[in-house]
Each structure stands twice: as structure tokens, then as C-alpha cells.
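Architecture at a glance
The lines below spell out each chain.
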Amino acid sequence: MYNPNNTVYFLITNQRLSQDLSLMKKYPNLHFRYLHLEDFFADSPLDDLWKTGSVHRSSWPVSHLSDLLRYLVLYKFGGTYLDTDSISLRSLPEFPNFVGVEYSSIGSLGAGALRFEKGHEIIKKIIERLSTEFDGSQWGWNGPGLLSSVMQDLQSWPVSCSQVEIGEQDWFYAVNWRNVDLFFTGNLEYLETAYRNSYIAHIWGSKIRSRRLTAESPLFQLLRKHCPLTASYLIDD
């Protein structure tokens, strides 16, 4: 709805997942793409890491595969990456490179909303370090942890970093995962106040997947307002 002039690729790693034709008819700029993992990692700086099986043996293989893929996609092509558990609230900022603070109280960066030009030194450095520092025992290291570390190593963060705009927490992560109760209690007005300066609402899918979504949930009402077609699949009200 808010980025109609951008080409959007929905990347999947399971070929059996169906492509939703109704979504593509509604949003002609949306395209589904299947990533064959062996081919995608082949001849890349992460090929040797992939072949070791370290990702498969990880304590969080799905999450850590996602970390590797987001950075490798940006390394190969450049562009904008968004987690699938994100709701667009308005058009994204126009900076050529951006990241966002995930939790301002500890100064950590998030890896759920990223934009980098192809060949950017930060992505190159992340890929380089992932190839030798991948850690399957730590949930957050291979994604936001490594991003924060690379940015800090370039000395100018948190003020600025190599022509990368660093957005405040409100940009992408206004509601921290520790506060996901806001999605299910209270009202839409209160939730919209929390997101008044936000580009997206990151809804922390891994933290809410066991929660019951109803038509009265502030999260559903937010989704119905900004992603009506998706909302129509969730609850028949």
C-alpha cells in the first residue's frame, strides 16, 4: 500500500509453499522467489560455512539461516530487507543506506529493517566476519549482534556510520518484544500512539505466535487498517 513504486520480492526457501495469486493480483509489484540454498550459497563468501553444516546444527537453525540470507541478499544485490513479521505504516525513508536502533536503553541495533547499496563496506564486513565468527549457540549474534559489532568497529556509531542513517527506535521497533502485550490489550488508539513516528510495526512473530488474535485485538485492528487483504485471511469477522 505504501511503497507502490518499489519492486517487492517475497523470498521463500521451501518450494512447496504456494504463491498467493490474490496477493499478486492486488499488488502487481509483489513477486515470490524461491531460493535454492545450495545454489544461492555457492561461490559466495559464505559457501564454506554453509557446507560445514554449522547452520543445520545451530540451536536456532531457521533464525540463523534467515540471518545469513538477509546479509547475503544485500551483499549480492543491495536493496531493502524487511522481516516478514512487519507491518508497513507509511513509505520507507529515502536514505540510500539505513538501519534502526532496536532497543535504545542498551543501544543495540536491529536487523529486521535494513537498506544497503550493493557493495557497501558494512555488508562486506558482516559477510567476512560471518564466514569465521558464525555462532550457532547464540540466538542474536549472527543477526543484530554482528551488525552492531561491525558498526561499532567503524568508530563513528552511534552518531553516524559510513553514510548509513541510523534511525531511532521509533522508526522500526517502537514496541519492543518485551512489551508485546500491547498488541492484545488496550485499544488501537493507544497502539497507534506508540507508532506515531514509525515507518513499520515490527510485531515479533516468535514472541506472539502462541497468543490468540481476535477482532478486538489492537494488533488485528492495526493490521486491518494497513494490510487489509492480509487481515482478511486471519479472522472472518
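Check the entry above for the structure.
Residues numbered from 1 in each chain as written. Predicted model: local features only at pLDDT ≥ 70, side-chain atom pairs only at ≥ 80, totals over all residues. Heavy atoms only, no water.

**Considerations on the packing of aromatic side chains**
Under the defined criterion, the tally for this structure stands at ten aromatic pairs. Arranged with centres 6.5 Å apart and planes meeting at 85°, the rings of Phe98 and Trp171 form a pair that is edge-to-face. Here Phe98, found in strand E5 (residues 98-103), pairs with Trp171, found in helix H7 (residues 169-172); they are 73 residues apart in sequence, far enough to count as distant. A residue is classified by how much of its surface remains accessible, and Trp171, at 15% relative accessible area, is buried. Between Trp171 and Phe172 the ring centres are 5.7 Å apart and the planes differ by 80°, which places this aromatic pair in the edge-to-face class. Like Phe172, Trp171 is buried. Ring pairing ties together the aromatic residues Phe95, Phe98, Trp171, Phe172, Tyr173, Tyr199 and Trp204, which thus form one cluster. (Phe/Tyr/Trp six-rings, centres within 6.5 Å; stacked < 30°, edge-to-face > 60°. Helix = DSSP H or I, 4+ residues; strand = E, 2+ residues; numbered from the N terminus. Buried < 20%, exposed > 50% of the residue type's maximum accessible area, 1.4 Å probe, protein only.)

**Points about the pattern of salt bridges**
Using the criterion set out here, one finds eight salt bridges in the structure. Two residues, Lys51 and Asp47, come together in a salt bridge whose shortest N-O distance is 3.2 Å. Of this pair, Lys51 and Asp47 both sit in helix H3 (residues 47-52), four residues apart, roughly one helical turn. Taking the relative accessible area as the measure of exposure, Asp47 reaches 10% and is therefore buried. For Arg70, the salt bridge goes to Asp83, with nearest N and O atoms at 3.3 Å. Of this pair, Arg70 sits in helix H4 (residues 61-77) while Asp83 sits in the loop between strand E3 (79-82) and strand E4 (86-88), and the two are 13 residues apart along the sequence. In terms of burial, Arg70 and Asp83 fall into one category: buried. One network of salt bridges, with partners in common, ties together Asp67, Arg70 and Asp83. (Salt bridge = Lys/Arg side-chain N within 4 Å of Asp/Glu carboxyl O.)

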